[in-house]
Amino acid sequence: MDVYLFDVDAVLLHPGGYRAALHATLRHFAQQLGLSTPLLTAGEVEVFEAHSIISEWDISAICMAAVVLEGLLAAPALAVPATLAAALAALRSHGALQPTINHALLARRTAAALRPGEYAAQAAARILAGDLRVAADARSAALCALLDHILLHTRDPQQSLTFRIFQNYTLGSSAYSACYGLPAAFTAPGTLAVEDRPALDAKWADEILAAVQTDALHAVIYTARPSLPPSATAAGAGHYSAEAELGARMVGLQALPVVGVGSMQWLAATIGGDAAEFSKPAPLHALAAIACALFAPAADALRAAHELLHTRQLPPLMQALRGQALRVVVFEDSARSIQGTQAAGAILQAAGVPASVLGCGIAQSAAKRQQLAAVGAQLYPDVNAALAAVHRAPRA
């Protein structure tokens, strides 16, 4: 039995929307600082992504925290503001800001410090706080508080300015206000709708759906994009943005189940826990994707995946898998997410399911290919080439 796990960005889609929103966000902040040069180059973004720092919420916050910290350290007479917005205004008034940050080095240091179950911005907060100790600035306590303000709430629309600006660009002003109940900071169309384009050929979308409809294949969208909670469930607390569903629709795979960040948020809210610890590259996210590809309803499949993770025993919903040979093929551009799927496969094996995991690493840049090869992934330039190599057509 084959189960395909499809990542969205840089796999099913050429992710122009998120990249455009990231650069627009950083241009927005650069203008507030009175700068005309980019705060982060395309090559530096590639280094973050190659080290599996793939969330633009983290990347934008890390960049701004580093820029603000460098600016304030170069201006010892300035009082340290409490918020990012106030820090930007203070630095602009002070003038002469010329960022010299080595963002590629910061990305590598952050990746090396990353702990299981935490966001990259949280690791960056520790890295930059350590740099502050070396700098021995008398304002260190206030500077650390400012870093925490910028870096520890990167997914909270009430507390994170970088999140709000990024989501305003990503969704567009109308959808942003509808999703978060907040006034838009500016009027703009959504970059996802304007800039994203399919990477998956239509013929493959048709073949996958045809195989799924005959149960010759099971497939699921497995993504770190924001997503809706399981259908026919109460959304509960929090905000759910249908960005994963939009990506699936763009490539014609809207009929597949979607297991994105919204699924993990819903599960954490339902059974207790932290969505950060549940989500990619955590094995639970991969187990949840596999369960949702095979079983319905999605809410029950998500709970079953959590039960399997914590008991190491097949829950009642998944008992039919015992002794069933399972080939899990994950199409990914993130090495750490492939590792999470490999860990999920090991959990299934220990519970009596002879599961194998094949990682298809989708990348063209040398940095990403190196990271993917290091975790044993087979390398392909795009998802179509990967499918041509690994897809087993149904028997007539």
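Refer to the structure presented above.
About the cut-offs
All residue numbers refer to positions counted from 1 along the written sequence of the respective chain. Local features in this predicted model are restricted to residues of pLDDT 70 or higher, and side-chain atom pairs are both shown and tallied only at a pLDDT of 80 or more, whereas totals for entire chains, interfaces and linings draw on every residue. To get the side-chain values, all heavy atoms of the structure are used, and hydrogens and water are removed first. The secondary structure listing takes helices from DSSP runs of H or I that are at least 4 residues long and strands from runs of E that are at least 2 residues long, numbered from the N terminus. It is over C-alpha atoms that the radius of gyration is taken, and the globule rule equals 2.2 Å times the number of residues to the power 0.38. Remark: exposure states derive from per-residue accessible area (1.4 Å probe, protein chains only) relative to the maximum for the residue type, with buried under 20%, exposed over 50%, and partly exposed in between. Each accessible area is a Shrake-Rupley result for a 1.4 Å probe, and residues are judged covered by the shown protein chains and nothing else. Under this rule, positive means Lys or Arg and negative means Asp or Glu; His and the chain ends count for nothing. By convention, charge coordinates are those of NZ in Lys, CZ in Arg, CG in Asp, or CD in Glu. Two residues qualify as a contact provided that any one of their heavy atoms is within 4.5 Å of a heavy atom in the partner residue. Among buried residues, those of type Ala, Val, Leu, Ile, Met, Phe, Trp, Tyr and Cys that are joined through side-chain atoms within 4.5 Å constitute a nonpolar core. Strands pair, by our definition, only if DSSP identifies at least two bridges between them. Between N-to-C directions, angles cover 0 to 180 degrees, with each direction set by a line fitted to C-alpha atoms, over the stretch in contact for helices. We define a polar contact as two N or O atoms separated by no more than 3.5 Å, with the added condition that, inside protein, one atom must be a possible hydrogen donor and the other a possible acceptor, whereas residues neighbouring each other in sequence contribute only through side-chain atom pairs. The disulfide criterion is simple: two cysteine sulfur atoms within 2.5 Å. Convention used here: a crossover is right-handed provided that the path from the first strand, over the helix, to the second strand proceeds clockwise when the strands point away from the viewer. It is the directions from the helix axis to the C-beta atoms that the arc portrays. When describing relative orientation, an angle under 35 degrees is termed roughly parallel and one over 145 degrees roughly antiparallel, while 65 to 115 degrees is termed roughly perpendicular and anything else oblique. Under the grouping applied here, Gly and all other residues not named as nonpolar or charged are polar, the nonpolar ones being Ala, Val, Leu, Ile, Met, Phe, Trp, Tyr, Cys and Pro and the charged ones Asp, Glu, Lys and Arg.

1. Quick word on the overall build of the chain
Part 1 of the argument: For the chain, the helix and strand inventory stands at 19 helices and eight strands.
Part 2 of the argument: In terms of overall dimensions, the chain is globule-like: its C-alpha atoms have a radius of gyration of 22 Å, near the 21 Å expected for 396 residues.
Part 3 of the argument: Taken over the C-alpha atoms alone, the chain extends approximately 75 × 40 × 40 Å along its principal axes.
Part 4 of the argument: Among the 396 residues that make up the chain, the fraction classed as buried is 55%.
Part 5 of the argument: On the chain, roughly 15900 Å² of surface is accessible, and the fraction owed to carbon and sulfur atoms is 54%.
Part 6 of the argument: For the chain, the distance from the average site of its 25 positive side-chain charges to the average site of its 29 negative ones is 3 Å.

2. Side note on unusual backbone geometry
A negative phi holds for most residues other than glycine; trans holds for most peptide bonds.
Part 1 of the argument: Across the junction of Lys280 and Pro281, the peptide omega takes the value 5°, indicating a cis bond.
Part 2 of the argument: Within the secondary structure layout, Pro281 lies in the loop between α14 (275-278) and α15 (283-294).
Part 3 of the argument: Put simply, Ala296 and Pro297 share a cis peptide bond, and its omega is 0°.
Part 4 of the argument: Turning to its location among the elements, Pro297 is positioned in the loop between α15 and α16 (298-311).
Part 5 of the argument: Of note, Ser52 is a non-glycine position whose phi angle comes to about 65°, a positive value.
Part 6 of the argument: For Ser52, the position within the fold is in the loop between α2 (42-50) and α3 (56-73).
Part 7 of the argument: Overall, Ser52 belongs to the buried group, its relative accessible area being 10%.

3. Notes on the environment of Arg303
Part 1 of the argument: Along the chain, Arg303 falls in helix α16.
Part 2 of the argument: Sequence separation between Arg303 and Ala268 is 35 residues; the distance between their C-alpha atoms is 10.0 Å.
Part 3 of the argument: In contact with Arg303, other than residues within four places in its own chain, are Trp266, Leu267 and Thr270.

4. A few points about the nonpolar core
Part 1 of the argument: Core analysis: the biggest nonpolar cluster contains 67 residues, and Leu39 and Leu151 have the highest contact counts within it.
Part 2 of the argument: When residues in this core are grouped by element, the largest group, twelve residues, is from α3.
Part 3 of the argument: Sequence-distant contacts of Leu151, defined by excluding residues within four places in its chain, comprise Ala61, Ile62, Ala65, Ala121, Gln122, Ala124, Ala125 and Leu128.

5. Some remarks on the sheet that holds strand β6 (residues 326-332)
Part 1 of the argument: The strand order β5-β4-β1-β6-β7-β8 describes an open sheet built from six strands, whose pairing is parallel. Sheet topology places β5 (258-259) and β8 (378-380) at the edges, where each strand pairs with a single neighbour.
Part 2 of the argument: Relative to strand β7 (residues 355-362), β6 is paired through seven bridges, and the arrangement is parallel. Across the sheet, residue Val328 finds its bridge partner in β7, namely Val357.
Part 3 of the argument: Across the sheet, helix α17 (residues 335-350) lies against β1 (2-6), β4 (218-222), β6 and β7, angled at about 175° from β7, the strand it touches most.
Part 4 of the argument: Set on the sheet, helix α19 (residues 383-390) makes contact with β1, β6, β7 and β8; between it and β6 the angle comes to about 160°.

6. Some remarks on the side chain of Ser60
Part 1 of the argument: Within the fold, Ser60 resides in helix α3.
Part 2 of the argument: A distance of 2.7 Å separates the side chain of Ser60 from the backbone oxygen of Glu56, its partner in a polar contact.
Part 3 of the argument: Apart from the residues within four sequence positions on either side, Ser60 is in contact with Leu22, Thr25, Leu26 and Thr162.

7. Notes on the state of the cysteines
Part 1 of the argument: Taken as a whole and judged by the stated rule, the model has zero disulfides.
Part 2 of the argument: The thiol of Cys63 is unpaired, and the distance to the nearest cysteine sulfur, on Cys144, comes to 19 Å.

8. Section: the pairing of β7
Part 1 of the argument: Taking burial as the measure, the eight residues of β7 include six buried ones, the bulk of the element.
Part 2 of the argument: You can see the chain leave β6, run along α17 and come back into β7, and the turn it takes is right-handed.
Part 3 of the argument: Inspection of the sheet shows β7 paired to β8 by three bridges, in the parallel sense. Following the sheet pairing, Cys360 is matched in β8 by Gln378.
Part 4 of the argument: Crossover β7 to β8 through helix α18 (residues 366-374) is right-handed.

9. Here's the deal with helix α5 (residues 103-113)
Part 1 of the argument: For α5, the set of buried residues is His103, Ala104, Leu106, Ala107 and Thr110. Buried residues in α5, looked at end-on, bunch into an arc of 160°, giving them a common side.
Part 2 of the argument: Capping the start of α5, Asn102 holds a side-chain oxygen 3.3 Å from the backbone nitrogen of Ala104, two or three residues further along.

10. Examining the packing of α2 against α5
Part 1 of the argument: One can describe the packing of α2 onto α5 by two numbers: an axis separation of 9 Å at closest approach and a directional angle of 10°. As the angle between them shows, α2 and α5 are arranged roughly parallel. Contacts from Glu44, Val47 and Phe48 in α2 reach His103, Ala104, Ala107 and Arg108 in α5.
Part 2 of the argument: Taken together, the residues of the contact of α2 with α5 sort by class into four nonpolar, one polar and two charged.

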